[in-house]
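# Structure at a glance
Each chain, written out:
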Protein chains: 2
Amino acid sequence: MNVQTKPAIVTTGPISGSRKVFSSPEGRPDIAVPFREVDLHPTANEPPFRLYDTSGPFTDPHFSLDLDAGLPQVRGAWLAGRGFESVAPRAVKPEDNGFAPADRLVPPCPAERAVLAGPDGTMVTQYEFARAGVITEEMIYVAHRENLGRAKAAEGAAERRADGEDFGAAIPEFITPEFVRSEIAAGRAIIPANINHPELEPVIIGRNFLVKINANIGNSAVTSGAADEVEKLVWAIRWGGDTVMDLSTGRNIHNIRSWIMRNAPVPIGTVPLYQALEKVGGDPDKLSWEVFRDTLIEQAEQGVDYFTIHAGVRLAYVPLTAKRVTGIVSRGGSIMARWCLAHHQESFLYTHFDEICDIMRKYDVSFSLGDGLRPGSIADANDAAQFAELDTLGELTKRAWAKGCQVMIEGPGHVPMHKIKENMERQLKVCHEAPFYTLGPLTTDIAPGYDHITSAIGAAMIGWFGTAMLCYVTPKEHLGLPNRDDVKVGVMTYRLAAHAADLAKGHPSAKLRDDAVSRARFEFRWQDQFNLGLDPDTAKQYHDETLPKDAHKVAHFCSMCGPKFCSMKISHDIREDSERMAGLEQKSAEFREAGSKIYVDEAAAD
Amino acid sequence: MNVQTKPAIVTTGPISGSRKVFSSPEGRPDIAVPFREVDLHPTANEPPFRLYDTSGPFTDPHFSLDLDAGLPQVRGAWLAGRGFESVAPRAVKPEDNGFAPADRLVPPCPAERAVLAGPDGTMVTQYEFARAGVITEEMIYVAHRENLGRAKAAEGAAERRADGEDFGAAIPEFITPEFVRSEIAAGRAIIPANINHPELEPVIIGRNFLVKINANIGNSAVTSGAADEVEKLVWAIRWGGDTVMDLSTGRNIHNIRSWIMRNAPVPIGTVPLYQALEKVGGDPDKLSWEVFRDTLIEQAEQGVDYFTIHAGVRLAYVPLTAKRVTGIVSRGGSIMARWCLAHHQESFLYTHFDEICDIMRKYDVSFSLGDGLRPGSIADANDAAQFAELDTLGELTKRAWAKGCQVMIEGPGHVPMHKIKENMERQLKVCHEAPFYTLGPLTTDIAPGYDHITSAIGAAMIGWFGTAMLCYVTPKEHLGLPNRDDVKVGVMTYRLAAHAADLAKGHPSAKLRDDAVSRARFEFRWQDQFNLGLDPDTAKQYHDETLPKDAHKVAHFCSMCGPKFCSMKISHDIREDSERMAGLEQKSAEFREAGSKIYVDEAAAD
């Protein structure tokens, strides 16, 4: 890894063992989709293996980091052709930055961008375009991205597709822009893409696409500067975060968000309620529609791609949580519950939902309808409070669609394995197949310190069942703030869970990578095995702890069994003894004809 | 943790936050079953929480470590009453220790034990006793252990049982010795318990009991002494290994095994084929029934509790592996495949299977019928070779039962999520419900360095479906030899996977621990949360990285949200505002009566 010096803190340079490539869909040289390619050992006699790439320009050796200028505007020309208005930005207020005093105020990112807004009566959101039958550049981009840049279905895609179990999803062998459009129009997928986020490399979130993962970042108690906050984003996407939620609170969050947005190649999500609460001094009772509304506009103008809106926490549902083992564990949910009780009124998020939609549509901010009443323990899973809220989220989904907005639905939480499927089935039904976006779920409460794993079990399963995006959990869940290593472990854990889900669903390109890794393993191409894996650095480091020499990277054995015992080597001997094998098969045929049962053939044994 | 000084290398002393207790079944003061108890904060107003304990005497503060003398003989009096013969031990041969020269020979453990053998015509194995209707002390012991020492079903056991999905298993609310006997008699469970292993604290492995985990240990290239090898065992069981497989090879393995056996409170498994291969200089072609037979007797006399026997790798199945992506990945499988091809003969393990049974019965060594043809990649999962071998394992199961032996069946390996269930269903069917013991399975091949997690996903699922024991995988799988930290991570990962399975199956005692952790979490009893979790040390360390002060161990907030935002604190406020809540419920009732829909009640929302 090459850590550049301007500013020193942001990680740039290629991921070990792969190089950045760009590929354009046929006839669209203006659309360049990034991938990573792994060159394999010459003995493999295989072309470079292409990987989906979330890491943005930071891993491009030709990229010159300049946080002040922000990233190249991938979507600039596309957006320019859509007739949006350039509006006078909302004036920044002292409370936007938590009343930070002048001497502690982080300056905003100086990158200049016009603030766009969709005029009434014109199409703004991907949903509106899709419903009108219009294929946007974003749709073409994600189709090419999902196909890993191939011009047609990969060889064997139909067989791999048929090999999976997708529980009624309809993953095609090859993704066309028209398929993307139709999925968005049906509400089954979203491309979170604020029109004020021209730096975005679009990504699609839906049940019939690759399972995506989200990583959360948040500011530290003591902020050493905007570059540190950008680095958190860069670090999370380097290892595979498809989207990033910025859950920062406190001082300077408006200005720091400007640095994050201008340097974010992935969709950024936020929970506007957190900032609204800061603005009223942290007292939920003092929240109001007006301060919330102002915060939505503030963040939408900055380019945030999706907002978590906890509009399903209705006054009537709060008593349903009173007997829970862990009450309300969602921050947003507890804030709104508190507000409802204090005012003895219906949630302003619910009563003003149509106005929220109008604002979000204007910038194409996607809804992530929050599950404020998600279970925080195994005991509370799938309870009345959780499912009452889910029903309301289903109602709100339809209302948001009617307003032209893109919608996904947040899900739990803590759920034992046998109750996971019900979550997916109910969500599909009551939320009309809008994409599901779950936190884990954790499959047991007993392993603090290992909740990335307790939740990866649930995440892989619910991803298989149909969840479109998995929100990561780090080893520090329930205990503290994740550090850099924790973030990487969390992202890696969720990447493998998402991949396990893709594989089980029969996603036509998923198994190609497993097979490539396994061929490398069987052929003792150690470096290929590392490079094709999720984390080349860690794999190589683990290997080198036992067999550090470079010579061992081509050794036909490993440290587990040593040279004498290697089962794979014996397997090779068996395979190479091909004449004898052919002889065996010949004999097998003879014996079968003779009615003997000494040999069985593949068909008979299957 | 208190690391004692004699010898310094073996870890002793209590696990943080818990203390060793012993409990005897009613009327059997001679049977003392160990548990760990966690004392909770006074504000919890709860009795100490009792945990299953695999750690053996090493965590007992009253225990005086003496590796030369070996552990107390828990089973000594029980075995003495069964009329076994004390026989002249087989003479140790130079090849038993890999022809170690005198100056490098590790001396055997001096602990004196008579070598026992079951005379013909008398009952020796737990299976034989069970079939004859006899309840052994081992059966009483494991029943009490599975019940966590309770004298009757725990409160709510029926409800928790009913809450799970057990796929046709029949887990009772309370385990009686008679239930244990009936499960063993039906072949659905085993108690691996060699009559030459009096130090054993018996453990039961079966689908209707708590899911168990196995940890593998192996000798280092350079052995610094027997204590180092014993410490590997002690370390693995300290964190939760229910059984340990000793996969050591090379010099001194006979003598080192004597140290391990005499100091092992858990069942020890081996793969005798590995040692037999050593004895013939590492060349599979030179293996013979005679050297294998001699090795079985050697290890059985030492007290090994279960043997992996790869008798299902038949000559006819070897060609089925030729077109696999990763061939044969089991060491034992590849050795036997090589032997079969070299000699063009049926496997001697298969042709001599009845004699193997006779030897193993004599000492009550349980069969772990090896899956030598398990898939080593996603591509090879559930293929003809794998299932052909499984069919043979089913045939051998019946033959071993007919000889009076206890049997479990080994399973894969690498299997994508959608093909896991078929493995369990086929195994139950063709192996007549003999306990299944799987390695993972890994649900994807793409994450070297994280295969404890790729496999924990599969392990939790297959455990839920009915697998009785899960063989752990460490982060070093495919890459190198696990170190001490890797072993702990592997054990913890598999403990949480096994627990997630117990919970989903509806094991009546599983959810008690989740609820206890969650209550502690909700009530901000931080230390209780750590101590009730799987790994108190790591949880506390993670917490302290952000909030190190002791005062924060009682803080009503944590580092994730800070004091202003804490959702759990708000939940408490909501709950404590009970009068208002009661008022709300009252109003809710009034509204319902009035036909209003402002409030919903729990029943209506469910």
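Residues numbered from 1 in each chain as written. Chains lettered and ligands numbered in written order. Predicted model: local features only at pLDDT ≥ 70, side-chain atom pairs only at ≥ 80, totals over all residues. Heavy atoms only, no water.

Just so we agree on the cut-off: UniProt positions are given in the numbering used here, feature names are shortened, and annotations may be inferred rather than shown by experiment.
Chain A appears in an unreviewed UniProt entry as Phosphomethylpyrimidine synthase from Acidiphilium rubrum. Quoted verbatim from the Pathway (unreviewed entry) heading of the UniProt record, the comment on chain A is "Cofactor biosynthesis; thiamine diphosphate biosynthesis." UniProt's Function (unreviewed entry) comment on chain A is quoted here verbatim: "Catalyzes the synthesis of the hydroxymethylpyrimidine phosphate (HMP-P) moiety of thiamine from aminoimidazole ribotide (AIR) in a radical S-adenosyl-L-methionine (SAM)-dependent reaction."

### A closer look at the pairing of strand β11 (residues 243-246) of chain A
Residues and elements named next belong to chain A. Formally: The classification of residues rests on relative accessible area computed with a 1.4 Å probe and restricted to protein chains. Under 20% of the type maximum is buried, over 50% is exposed, and intermediate values are partly exposed. Starting at the N terminus, helices and strands are each numbered in turn, a helix being any DSSP run of H or I of at least four residues and a strand any DSSP run of E of at least two. Criterion used throughout: strands pair if DSSP finds at least two bridges between them.
Side chains Thr 243 and Met 245 of β11 all project onto a buried face; the interleaved residues Val 244 and Asp 246 project onto the opposite face, where all are buried too. Judged from the four bridges that link them, strand β10 (residues 212-217) and β11 form a sheet pairing that is parallel. Bridge assignment links Ile 217 to a residue of β11, and that residue is Asp 246. Both β11 and strand β12 (residues 268-270) contribute to a ladder of two bridges, which runs parallel. In the strand pairing of β12, Val 244 is matched with Ile 268.

### Topic: the relation of the copies chain A and chain B
Our working definition: The copies were overlaid with a least-squares fit restricted to C-alpha atoms from residues scoring a pLDDT of at least 70 in each copy. Every residue pair with non-hydrogen atoms within 4.5 Å of one another is taken to be in contact.
It takes a turn of 180° to lay chain A on chain B, together with a shift of 0.0 Å along the axis; the resulting RMSD is 0.0 Å. What the rotation and shift describe, once combined, is the action of a two-fold rotation axis. Minimal C-alpha distance to the rotation axis in chain A is attained by Ile457(A), lying at 2.3 Å. When the interface residues of chain A are mapped onto chain B, 100% of them are again interface residues, pointing to one common binding face.

### Points about helix α17 (residues 510-522) of chain B
Under the convention used in this document: A helix's residues, less one, multiplied by 1.5 Å, set its expected span.
Compared with an ideal rise of 1.5 Å per residue, which puts 13 residues at 18 Å, α17(B) spans 19 Å between its outermost C-alpha atoms and is within 8% of the ideal. The element α17(B) is largely enclosed, with a buried count of 11 among its 13 residues. All buried positions along α17(B) are accounted for by Ala510(B), Lys511(B), Arg513(B), Asp514(B), Asp515(B), Ala516(B), Val517(B), Ser518(B), Ala520(B), Arg521(B) and Phe522(B). The secondary structure elements touched by the buried residues of α17(B) are α15 (451-465) of chain A together with β5 (49-52), α4 (157-163), α16 (484-505), α18 (526-532) and α21 (567-576) of chain B. Taken from the residues just after α17(B), Phe524(B) is the one with a positive phi, measuring 60°.

### Digging into the interface of chain A and chain B
For clarity, the cut-off: Summed over both partners, the accessible area lost on bringing two parts together, with a 1.4 Å probe, is the buried area. The rule for a salt bridge is simple: a side-chain nitrogen of Lys or Arg has to be within 4 Å of a carboxyl oxygen of Asp or Glu. For this analysis, a polar contact is any N or O atom pair within 3.5 Å, provided that within protein one partner can donate a hydrogen and the other can accept it, and provided that sequence-adjacent residues contribute only side-chain to side-chain pairs. Note that Gly is not counted as nonpolar here; it falls among the polar residues with everything else outside the nonpolar set of Ala, Val, Leu, Ile, Met, Phe, Trp, Tyr, Cys and Pro and the charged set of Asp, Glu, Lys and Arg.
If you look at the interface, chain A gives 122 residues, while chain B gives 122 residues. Taking both partners together, chain A and chain B bury about 10,600 Å²; carbon and sulfur atoms supply 67% of that area. Inspection of the region where chain A meets chain B yields four salt bridges. For Asp163(A), the salt bridge goes to Lys419(B), with nearest N and O atoms at 3.0 Å. For the interface between chain A and chain B, the tally reads 18 residue pairs in polar contact (both at pLDDT 80 or more). Counting residues per element, the side of chain A that touches chain B draws most heavily on helix α16 (residues 484-505) of chain A, at 10 residues. A per-class count over the side of chain A that touches chain B returns 62 nonpolar, 31 polar and 29 charged.

### Considerations on the packing of aromatic side chains
Operational definition: Each pair of aromatic rings taken from Phe, Tyr and Trp, with Trp reduced to its six-membered ring, is defined by centres within 6.5 Å and is described as stacked if the planes are under 30 degrees apart, edge-to-face if over 60, and tilted in the remaining cases. Either the NZ atom of lysine or the CZ atom of arginine qualifies as a charge over a ring when it sits within 6 Å of the ring centre and within 35 degrees of the ring normal.
Tallied over the full model, the rule gives 28 aromatic pairs over all chains. Ring plane angle 90° and centroid distance 6.3 Å describe the contact between Tyr306(A) and Tyr437(A), whose orientation is recorded as edge-to-face. Note that Tyr306(A) is positioned in strand β13 (residues 306-309) and Tyr437(A) in strand β16 (residues 436-439), a separation of 131 residues in sequence. Here the aromatic cluster, defined as three or more aromatic residues joined through ring pairs, consists of Trp289(A), Phe292(A), Trp339(A) and Phe348(A). One Lys or Arg, Lys476(A), reaches over the ring of Tyr542(B) and ends 5.1 Å from the middle of that ring. Between Arg238(B) and the ring centre of Trp239(B), over which it is positioned, the NZ or CZ distance is 5.5 Å.

### Concerning the environment of Leu341(A)
Residues and elements named next belong to chain A. By secondary structure assignment, the location of Leu 341 is in helix α10 (residues 331-343). We classify Leu 341 as buried; its relative accessible area is 2%. In sequence terms Leu 341 and Val 291 are 50 residues apart; their C-alpha atoms lie 19 Å from each other.

### So, the environment of Glu301(A)
Residues and elements named next belong to chain A. Among the structural elements, Glu 301 can be located in helix α9 (residues 289-302). With relative accessibility at 12%, the residue Glu 301 sits in the buried group. For the pair formed by Glu 301 and Lys 362, sequence separation is 61 residues and the distance between their alpha carbons is 9.9 Å. When neighbours within four sequence positions are excluded, Glu 301 is seen to be in contact with Ala 88, Pro 89, Arg 90, Val 115, Asn 196 and Tyr 363.

### Digging into the sheet that holds strand β4 (residues 33-38) of chain A
The strands that make up a sheet are held in pairs by hydrogen bonds between backbone atoms, and each pair lies either parallel or antiparallel. Residue and element names in this part refer to chain A. Condition: Every angle, taken between N-to-C directions, lies between 0 and 180 degrees, and every axis is a line fitted to C-alpha atoms, over only the stretch in contact when it is a helix.
Sheet architecture is open: three strands sit in the order β3-β4-β5, paired in antiparallel fashion. The open sheet has two free edges, formed respectively by β3 (19-23) and β5 (49-52), since each of these has just one partner strand. Neighbour to neighbour, the strand axes of the sheet diverge by 45° on average, direction disregarded. Lying on the sheet, helix α3 (residues 137-146) is in contact with β3, β4 and β5; it crosses β4 at an angle near 10°.

### Some words on unusual backbone geometry
Cis rather than trans, the peptide bond between Pro412(B) and Gly413(B) has omega equal to 5°. Gly440(B) connects to Pro441(B) through a cis peptide bond whose omega is 10°. Along the chain, Pro441(B) falls in the loop between β16 (436-439) and α15 (451-465). We note that Phe167(A) has phi near 50°; this positive angle belongs to a residue other than glycine. With respect to the secondary-structure elements, Phe167(A) resides in the loop between α4 (157-163) and α5 (177-185). Look at Phe167(A) and you get partly exposed, because its relative accessible area is 25%. At Glu433(A), a position not held by glycine, the phi torsion is positive, near 70°.

### Digging into the side chain of Asp53(A)
Residues and elements named next belong to chain A. Considering the arrangement of structural elements, one finds Asp 53 in the loop between β5 and α1 (76-80). Side chain to side chain, Asp 53 and Ser 55 meet in a polar contact 2.5 Å long. The contact partners of Asp 53, leaving out residues within four places of it in the chain, are Lys 20, Pro 34, Phe 35, Arg 36, Thr 59 and Arg 145.

### Here's the deal with the pattern of salt bridges
Counted under the stated rule, the structure contains 101 salt bridges over all chains. Residue Lys403(B) is joined to Asp358(B) by a salt bridge in which the shortest nitrogen-to-oxygen separation is 3.1 Å. Placement of the pair is Lys403(B) in the loop between α13 (384-402) and β15 (407-411) and Asp358(B) in helix α12 (residues 353-363), with a sequence separation of 45 residues. According to the relative accessible area criterion, Lys403(B) is partly exposed, its value standing at 28%. Using a relative accessible area of 36% as the deciding quantity, one classes Asp358(B) as partly exposed. One continuous salt-bridge network, built from bridges that share partners, spans Arg90(A), Lys93(A), Asp96(A), Arg257(A), Lys279(A), Asp294(A) and Glu298(A).

### Here we look at the environment of Ser334(B)
All names here are of chain B. Here Ser 334 is to be found in helix α10 (residues 331-343). Classification of Ser 334 as buried rests on a relative accessible area of 0%. With 265 residues separating them along the chain, Ser 334 and Ala 69 place their C-alpha atoms 39 Å apart.

### Digging into the nonpolar core
What counts is decided by this rule: Throughout, nonpolar core names a set of buried Ala, Val, Leu, Ile, Met, Phe, Trp, Tyr and Cys residues whose side chains join them through atoms within 4.5 Å.
Counting 292 residues, the largest nonpolar core has Phe367(A) and Phe367(B) as the members making the most contacts within it. Phe367(B) has contacts with Phe307(B), Ile309(B), Phe353(B), Ile356(B), Cys357(B), Met360(B), Ala400(B), Cys405(B), Gln406(B), Val407(B) and Met408(B), leaving out every residue within four places of it along the chain.

### Remarks on the pairing of β16(A)
All names here are of chain A. The following threshold applies: Crossover handedness is defined here as right-handed if the route from the first strand over the helix to the second strand goes clockwise, with the strands pointing away from the viewer.
Every second residue of β16 is oriented toward a common face, with Phe 436 and Thr 438 on one face and Tyr 437 and Leu 439 on the other, all of them buried. When strand β15 (residues 407-411) meets β16, the two strands line up parallel, connected through three bridges. Each bridged residue has a counterpart across the sheet, and for Glu 410 the counterpart in β16 is Tyr 437. Across three bridges, the pairing between β16 and strand β17 (residues 469-471) is parallel. Paired with Leu 439 across the strands is Cys 471, a residue of β17. Where the polypeptide runs from β16 across α15 and back to β17, its parallel neighbour, the crossover connection is right-handed.

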